[in-house]
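One letter stands for each residue in the lines below.
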There are 2 protein chains.
Amino acid sequence: MIDRKNILIVGLGLLGGSYARALTKKGYAVRAIDPKQSSLDYALENGFIEKGSAEVDPALVGWAELAVFALYPHVFVEWVREHGHLLAPGTIVTDVTGVKSAVVYEVQDLLPEGVEFIAAHPMAGREVGGVENSTDAMFRGANYIVTPTEKNTPEAIALCRALGEELGFAKVRELDPDKHDEMIGFLSQLTHCIAISLMTANTDPSLADYTGDSFRDLTRIARINEDMWTELFLLNKKKLVAEIDAFSGELNRMRTYLNDGNTEKMKEMMRVSTERRALFDKKL
Amino acid sequence: MIDRKNILIVGLGLLGGSYARALTKKGYAVRAIDPKQSSLDYALENGFIEKGSAEVDPALVGWAELAVFALYPHVFVEWVREHGHLLAPGTIVTDVTGVKSAVVYEVQDLLPEGVEFIAAHPMAGREVGGVENSTDAMFRGANYIVTPTEKNTPEAIALCRALGEELGFAKVRELDPDKHDEMIGFLSQLTHCIAISLMTANTDPSLADYTGDSFRDLTRIARINEDMWTELFLLNKKKLVAEIDAFSGELNRMRTYLNDGNTEKMKEMMRVSTERRALFDKKL
């Protein structure tokens, strides 16, 4: 339970819409701002927001006790720069942004006195975007990472963790922004780079006729929103380049063993891989 | 329907067991040879073979009208070298081996006059092995590739295709052994190398706490039977090395664009990836 009833969602896409659905179900008063009137209409018709505005309506912004931003990173920062002063003192602000260091400190600096930004990353998504594809089912079994800084109060951190639980995430964790970006550079951004490179590496059109499940699984995320991911990659450039290099080194190690016919070393890499993969099995 | 009733499975593991289940259900007489008596007992108790032998029983081998070999590649070749003479003239032999060029021609040469080997690759599997995990469900939606050579008769090719259909595969296709190995080098072997390298590239034990579905999907196949896959990789070395190099080149291209902040080129790669991935969606 969160002790704030009035929740404003800014950006009513896949994630914003899924937040709205989950929180309306739990009895909160959920309102939304999104430039697309059709997204607001969809949410109103389906009863998961009680009010919406395609403009930045000062009354609506001031009404919020908790504001959740589900925007592209640069749009989020610009929004706060332009409209942050409309947030009422005492409001808690959180987000869904997939990179943290490049956003968190700047937003904390931009917000007016008395408005606290506690950042979070819900690690959930789908290959399709838009409010029409939103569903709170995607939070089940997934991780929710809170990324506090020194500026955050224990109260705001606790509230943000409670939000993750209300949304239905399986695990709620804390990481500092830098460690978060390192983790996400490996677990999410590198894997997207790999999936993309797999799709562009071989252009034989007949391959789809022969594919098995493992290839489909590896490339599911190769269907990608290029605007969002290019932005996320560039905002985490240094860490992502380091992860690409570490991975390439390992792949090249396997290539060398293979080329040399070094059976023992190949098997050793596979044994390490098998053991380590067991740690990652989903615990629901 | 296949016009041969007596089917012998040699090697009663995950795949051999799954063949036995599917074919027994369809009314064929299925018998098996496997050195592990416990595997035979399991299949007998569960009613998906009618008879089994832990030895290479000449009467059992001679009984077969169709023999399916589900063994490691080198074990398969050795078996045929030692016991191939026990197969009755007129018998059709097929297999499940994951590489073809290194096996097909040799086995065709080793078999006695009148026994025809038509190779096939059922592109289905699980992360767990053994007859206890066998299930014909894994063939649904999957591909079955027949890889004929110039030595094969139209009758044997047709029978092998019919077998793929009887087993419940969604698509039955033909490829020559060389083309098969190229395809499998990319779609299956390269993806396994990637999954292994992802698991060995980062040894932070806390990562599992933060992982999302995309990482789990990419590394599902990182839990790997090191004996079998090392053998399969080495038997397809030249093609696999070429696929690793093509993939590494694309990943490095993304790294360069990222490092240079080349937004347009990054987006272009992602657009190509997205378009191409759409071809691979499962059509059931």
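Keep in mind the model is a prediction, meaning the values are calculated, not measured.

(A) The packing of helix H4 (residues 73–83) of chain B against helix H5 (residues 101–110) of chain B, seen in detail. Residues and elements named next belong to chain B. One way to put it is that H4 packs onto H5 with a least axis distance of 9 Å and a crossing angle of 10°. The orientation of H4 relative to H5 falls into the category roughly parallel. Counting all contacts with H4, which are made through Pro73, Phe76, Val77, Val80 and Arg81, the residues of H5 involved are Ala102, Val103, Glu106, Val107 and Leu110. Residues of the contact of H4 with H5, tallied by class, amount to eight nonpolar, no polar and two charged.

(B) Structural detail: the nonpolar core. Ranked by size, the top nonpolar core spans 172 residues in total, and within it Ile9 and Ala20 of chain A together with Ile9 and Ala20 of chain B carry the most contacts. Those residues in contact with Ala20 of chain B that lie beyond four places of it in its chain are Ile9, Leu12, Val30, Ala32, Ala43, Phe48 and Ile49 of chain B.

(C) Just the sheet that holds strand S2 (residues 29–33) of chain A, in detail. All names here are of chain A. Taken together, six strands build an open sheet; the order of strands is S3-S2-S1-S4-S5-S6 and the sheet is parallel. The open sheet terminates on both sides in strands that have one partner only, identified here as strand S3 (51–53) and strand S6 (116–117). The pairing of strand S4 (residues 66–69) with strand S5 (residues 92–95) spans four bridges and is parallel. Considered in S5, the bridge of Ala67 is made with Val93.

(D) View of the sheet that holds strand S7 (residues 119–123) of chain A. Residues and elements named next belong to chain A. With mixed pairing, the three strands of this open sheet are ordered in space as S7-S8-S9. Each edge of the open sheet is held by one strand with a lone partner, namely S7 and strand S9 (171–174). If you compare each strand with its neighbour and ignore which way they point, the axes differ by 20° on average. In this structure, S7 lies alongside strand S8 (residues 143–147), joined through five bridges in antiparallel fashion. Residue pairing in the sheet places Pro122 in a bridge with Tyr144 of S8.

(E) Here's a closer look at the pairing of strand S1 (residues 6–10) of chain B. Residue and element names in this part refer to chain B. Most of S1 is tucked away, with four of its five residues classed as buried. Pairing of S1 with strand S2 (residues 29–33), which is carried by five bridges, proceeds in the parallel orientation. Within S2, the residue paired with Asn6 across the bridge is Ala29. One crossover worth recording links S1 to the parallel S2 by way of helix H1 (residues 14–25), and it is right-handed. In this structure, S1 lies alongside strand S4 (residues 66–69), joined through four bridges in parallel fashion. Considered in S4, the bridge of Ile7 is made with Leu66.

(F) Representation of the relation of the copies chain A and chain B. Overlay of chain A on chain B (RMSD 0.0 Å): rotation 180°, translation along the axis 0.0 Å. The superposition of one copy onto the other is thereby described by a two-fold rotation axis. Measuring from the rotation axis to each C-alpha of chain A, the shortest distance belongs to Leu218 of chain A, at 2.2 Å. When you check the interface residues of chain A against chain B, 100% turn up at the interface there too, and the contact is symmetric in its surfaces.

(G) Fine view of the domain arrangement of chain A. All names here are of chain A. Domain annotation for chain A reports domain 1 (6–175) and domain 2 (180–278). Here domain 1 and domain 2 have C-alpha centroids that lie 31 Å from each other. On the domain 2 side, the residues contacting the 14 residues of domain 1 number 12 residues. Sorting the residues of the side of domain 1 that touches domain 2 by element identifies helix H4 (73–83), helix H5 (101–110) and S8 as the ones contributing at least two each. Residues of the side of domain 1 that touches domain 2, tallied by class, amount to six nonpolar, six polar and two charged.

(H) Spatial organisation of the interface of chain A and chain B. Taken together, the contact between chain A and chain B spans 71 residues of the former and 71 residues of the latter. At the level of elements, S8, S9, helix H7 (177–201), helix H8 (213–219), helix H9 (226–235), helix H10 (237–260) and helix H11 (263–278) of chain A are the ones that each hand at least two residues to the side of chain A that touches chain B. Among the residues forming the side of chain A that touches chain B, the class breakdown is 38 nonpolar, 17 polar and 16 charged.

(I) The arrangement of the environment of Ile194 of chain A in detail. By the secondary structure assignment, Ile194 of chain A is in helix H7. Overall, the presence of 27 C-beta atoms within 10 Å leaves Ile194 of chain A in the buried class. Remark: the alpha-carbon pair of Ile194 of chain A and Met269 of chain A, spanning 75 residues in sequence, is separated by 19 Å. Residues within four places of Ile194 of chain A in sequence aside, it is in contact with Ile194, Leu218 and Leu251 of chain B.

Procedures and definitions
Residues numbered from 1 in each chain as written. Chains lettered and ligands numbered in written order. Predicted model: local features only at pLDDT ≥ 70, side-chain atom pairs only at ≥ 80, totals over all residues. Axes fitted to C-alpha atoms, helices over the stretch in contact; angles between N-to-C directions. Helix = DSSP H or I, 4+ residues; strand = E, 2+ residues; numbered from the N terminus. Parallel < 35°, antiparallel > 145°, perpendicular 65-115°, else oblique. Contact = placed C-beta atoms within 7 Å. Nonpolar A, V, L, I, M, F, W, Y, C, P; charged D, E, K, R; others polar. Core = buried A, V, L, I, M, F, W, Y, C linked by C-beta atoms within 7 Å. Buried ≥ 20, exposed ≤ 12 C-beta atoms within 10 Å, placed from the backbone. Pairing = 2+ DSSP bridges. Right-handed = clockwise from strand over helix to strand, strands pointing away. Least-squares fit on C-alpha atoms with pLDDT ≥ 70 in both. Domains from an automatic or database assignment.

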